[in-house]
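Geometric and topological summary
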Amino acid sequence: RGSVSDALLGPFPRAPLWAEATHPPAAMKDWLYNITGTCTEDVMPNSYWDNDVTSPESRILLTLFFASAGGAMLYVGSLKRRARRDTVDYDFGIPLPPSRVEVQRTLSHPAESFMHGATTAVHTLTSLVARPPKERMWHLDFARIVCVSCVVTEHSGGLMYSHHNVAFALQWVLPYLFLTSGICFMLSSAPLWFYVSRLAMVLAAGVGLNWFADIYNGRDWQHDFGTTVFQMFYVVFLIGLAFIGGPLRRALKWRYENPNAPNNNKIRGVALGHGLLCLVGFAMVLLGHPLIYIPKPDNPESWAARAKVMFDNSSVIAAGTGGVFFLAALACLVNASPWHSWILLAAIYIPRVFCPFALVGFSHNVDLYCFGMVAARWGIKGKESIANWVRAYWPLMLGVMMLLSTPELIGRCDVNPPQTVWVRFRFYFTELCLIVCFVTGAFNTSDPWKWTGWLNTWALFAYITHVAWYRLLPVPGGALLTYGFVVPFWLWDKYKRRESEAAAMEALNVDDCESNGSCGSTREQPLEAGSMSLAPMGGGSGQLAADSSAGPPAMGPGGSMPATGEEPLPSPPAPGPGATRAADFFAKGRPLLESFELEARQVPVAAIAA
């Protein structure tokens, strides 16, 4: 003020530059991340969302959508049946049984048909042999270990990382746990009673430890036993899903092993059972009534109050989750293919975006369990291409996920979804990307140091005990103790591995000793005719000396006599049992391979043997 500029321009109060940066104009708003709200775990009414499942539009659209998904299943199955009319199977590349025209050609020209069939057999044999071996799915082990570690952190007092969705934890921790459980249940060959009995023992151990901690702390567990069960409800879910998904597992396995067989009554019964549940659920959805009604509990903070909300939406859960299981069973009826996995994903995630409801996360994870069963048996279309793309361009995918993230949104959005369609799309699209990457094997890795074995054992121990440690010890003592048990598990595995390696080396030495006939004492044995010994000659040491009564000396290379002063060649050691069996196998198989001569197209015997 009072300067030349003020005299020319007049007095003009200017704010500091940092004030403009600190308080931007009202027109400059965050167009992408200006999303505020809370996905609270409390009971929320259906009117909280912009479109809920109780609206007439949602009920009609949900019914039409699942009907369209069933039609897509039938259409994909018809394409596969049409492709089966060709000479090569649609999925496996194996020649099919001959048609009526081929049988007539065989009867008319037997020699030509024989050569054609032999050539086809050779092509089939070489294609099956040339297939690369299936890689072990290490990502299942790592997913189980890492997900349990995250659960331990949250249940032991670290709630903020999940409430702020750090590292997209809400979009992969629980989904990967249920997805891994569905895949492992599908791949398991154990009978149902054995599978359930192991889960029951885990459930009893976890609930027992939590119960002991509640009694020690004096908590009123009599009126809220659900909090005593707590994390073991996941095992309760797995036991229930084992009974519900057991018939579906048998149907998927049977269809996978018999791709061309006609449907039997068991397959039809599985599809009919899930179809009736789905039909009843959609009927109740259209009527606007819950499938199961329970009275309101007295304590609004108890687990019964949360169960009340789930039962109020029981018709929607029966329609949606029952519809997913029905679509999986329908795929067995129409000859499942990798395309059906994509249809299941659409049936799971599209309703999540447009038809939200309270506590949707529990039924959503059950849907992913069913999807894991189907994907484990039939795969997903474009699996190798997607896996190769993700491994090459994962930074781009990570950039898109970060662009769609919602950092201002707080709470368990996996349990109670966000409020608007746009935010729900961003949340579930990120989860869908992570699910597809997981089932395609893009995240598969290796275990060169064999850590997954003992880490899996630690993860089981940690999941059973971490809540009890948290309730018995001050924060963060429970979490530190649970993670500290990693060291004893690692040391025990290292000790057992050394013991097994020593036992294997001892067994290998015994086998070599028995095969070479060199067991027993190392003292000199009496010389026999034609035998060799390491006897010192004329003060020299370590020279091979032949017995004088051994007859003519050994033949040299090429059948010639060895030169004077040259050491005769020692006899080769006797072959071991493995080499003997291999020699017998090739001795019996070579005449059969050599007799397999083709006039139309000569195939080397070595190529067939390889």
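Please read all numbers here as calculations on a predicted model, not as lab measurements. (Residues numbered from 1 in each chain as written. Predicted model: local features only at pLDDT ≥ 70, side-chain atom pairs only at ≥ 80, totals over all residues. Heavy atoms only, no water.)

1. Comments concerning a nonpolar patch on the surface
- On the surface, Leu277, Val280, Leu291, Ile292 and Phe311 cluster together into a nonpolar patch covering about 370 Å² of accessible area.
- In this structure, isoleucine 292 sits in the loop between helix H12 (265-287) and helix H13 (303-312). (Patch = residues over 30% accessible without salt bridge, like charges linked within 9 Å, V, L, I, M, F, W, Y side chains within 5 Å. Areas by Shrake-Rupley, 256 points an atom, 1.4 Å probe, with all protein chains shown as cover. Salt bridge = Lys/Arg side-chain N within 4 Å of Asp/Glu carboxyl O. Helix = DSSP H or I, 4+ residues; strand = E, 2+ residues; numbered from the N terminus.)

2. Digging into unusual backbone geometry
- A cis geometry characterises the amide bond from valine 475 onward to proline 476, with omega recorded as 0°.
- Along the polypeptide, proline 476 turns up in the loop between helix H19 (452-472) and helix H20 (477-484).
- One non-glycine residue, asparagine 165, lies in the positive phi region at around 55°.
- With respect to the helices, strands and loops of the structure, asparagine 165 is situated in the loop between helix H7 (160-163) and helix H8 (173-187).
- Given a relative accessible area of 19%, asparagine 165 falls into the buried group.
- In this structure, phenylalanine 230 takes a positive phi of about 50° despite not being glycine.
- Within the secondary structure layout, phenylalanine 230 lies in the loop between helix H10 (225-229) and helix H11 (233-257).
- Among the residues examined, phenylalanine 230 registers a relative accessible area of 27% and is labelled partly exposed. (Buried < 20%, exposed > 50% of the residue type's maximum accessible area, 1.4 Å probe, protein only.)

3. Focus on the state of the cysteines
- Per the stated rule, a full pass over the model turns up 1 disulfide.
- Each sulfur in the disulfide pair cysteine 39 and cysteine 413 lies 2.3 Å from the other. Handedness here is read from the sign of the S-S torsion; for cysteine 39 and cysteine 413, about 80°, the answer is right-handed. Residue cysteine 39 is found in strand S1 (residues 37-39), and its partner cysteine 413 is found in the loop between strand S2 (409-411) and helix H18 (421-439); the two are separated by 374 residues along the sequence. The burial state of cysteine 39 is the same as that of cysteine 413; both residues are buried. (Disulfide = S-S within 2.5 Å.)

4. Overview of helix H17 (residues 383-403)
- The terminal C-alpha atoms of H17 lie 25 Å apart, and with 21 residues this falls more than 12% below the ideal 30 Å at 1.5 Å per residue.
- Maximum bend of H17: about 85°, positioned at tyrosine 393, with proline proline 395 one to four residues after it.
- For H17, the complete set of buried residues consists of Ala387, Val390, Met397 and Met401. (Expected span 1.5 Å × (residues − 1). Bend = angle between axes of the 7 residues up to and from the residue.)

5. A few points about the confidence of the model for the protein chain
- Scored by pLDDT, the protein chain comes out at a mean of 78, with 68% of its residues at no less than 70.
- The low-confidence segment residues 521-567 (pLDDT under 50) makes 33 contacts with residues lying over four places distant or belonging to another chain. (pLDDT = per-residue confidence, 0-100. Contact = heavy atoms within 4.5 Å.)

6. Quick notes on the pattern of salt bridges
- Under the defined criterion, the tally for this structure stands at 11 salt bridges.
- Salt-bridge contacts for arginine 412 lead to aspartate 414; the nearest nitrogen and oxygen are separated by 2.8 Å. In terms of burial, arginine 412 and aspartate 414 fall into one category: buried.
- Overlapping salt bridges bring together Arg136, Asp141 and Arg144 as one network.

7. Thoughts on the environment of glycine 37
- Within the secondary structure layout, glycine 37 lies in strand S1.
- Taking C-alpha positions, glycine 37 is 8.0 Å from proline 418, a pair spaced 381 residues apart along the chain.

8. Observations concerning the environment of serine 341
- One can find serine 341 in helix H15 (residues 339-354).
- With 32 residues separating them in the primary sequence, serine 341 and methionine 373 have C-alpha atoms 9.9 Å apart.
- Not counting residues within four places of it along the chain, the set of residues in contact with serine 341 comprises Phe371, Val374, Ala375, Gly379 and Ile380.

9. Some thoughts on the packing of H17 against H18
- At a minimum axis separation of 10 Å, H17 and H18 run at an interaxial angle of 150°. With respect to H18, the element H17 is oriented roughly antiparallel. You can see that H17 and H18 cross each other, and the crossing is left-handed. When H17 is examined against H18, the residues Lys383, Ile386, Val390, Met397, Met401 and Leu403 are found in contact with a partner set consisting of Arg426, Thr430, Leu434, Val436, Cys437 and Val439. (Axes fitted to C-alpha atoms, helices over the stretch in contact; angles between N-to-C directions. Parallel < 35°, antiparallel > 145°, perpendicular 65-115°, else oblique. Left-handed = near helix turned anticlockwise from the far one by under 90°.)

10. Regarding the nonpolar core
- One finds Val235 and Phe371 to be the most contacted residues of the largest nonpolar core, which totals 102 residues.
- Residues Trp49, Ala358, Leu359 and Val415 belong to the second largest nonpolar core, which totals 5 residues. (Core = buried A, V, L, I, M, F, W, Y, C linked by side-chain atoms within 4.5 Å.)

11. Some points on the packing of H8 against helix H16 (residues 360-378)
- Where H8 contacts H16, the axes come no closer than 7 Å and their chain directions differ by 40°. In terms of their interaxial angle, H8 and H16 are classed as oblique. H8 and H16 meet at a crossing whose hand is right-handed. Seen from H8, the contacting residues are Leu174, Pro175, Phe178, Leu179, Ser181, Gly182, Ile183, Phe185, Met186 and Leu187; seen from H16, they are Asn365, Leu368, Tyr369, Phe371, Gly372, Met373, Ala376 and Arg377.
- Each residue belonging to the contact of H8 with H16 can be placed in one class, and the counts come to 13 nonpolar, 4 polar and 1 charged. (Nonpolar A, V, L, I, M, F, W, Y, C, P; charged D, E, K, R; others polar.)

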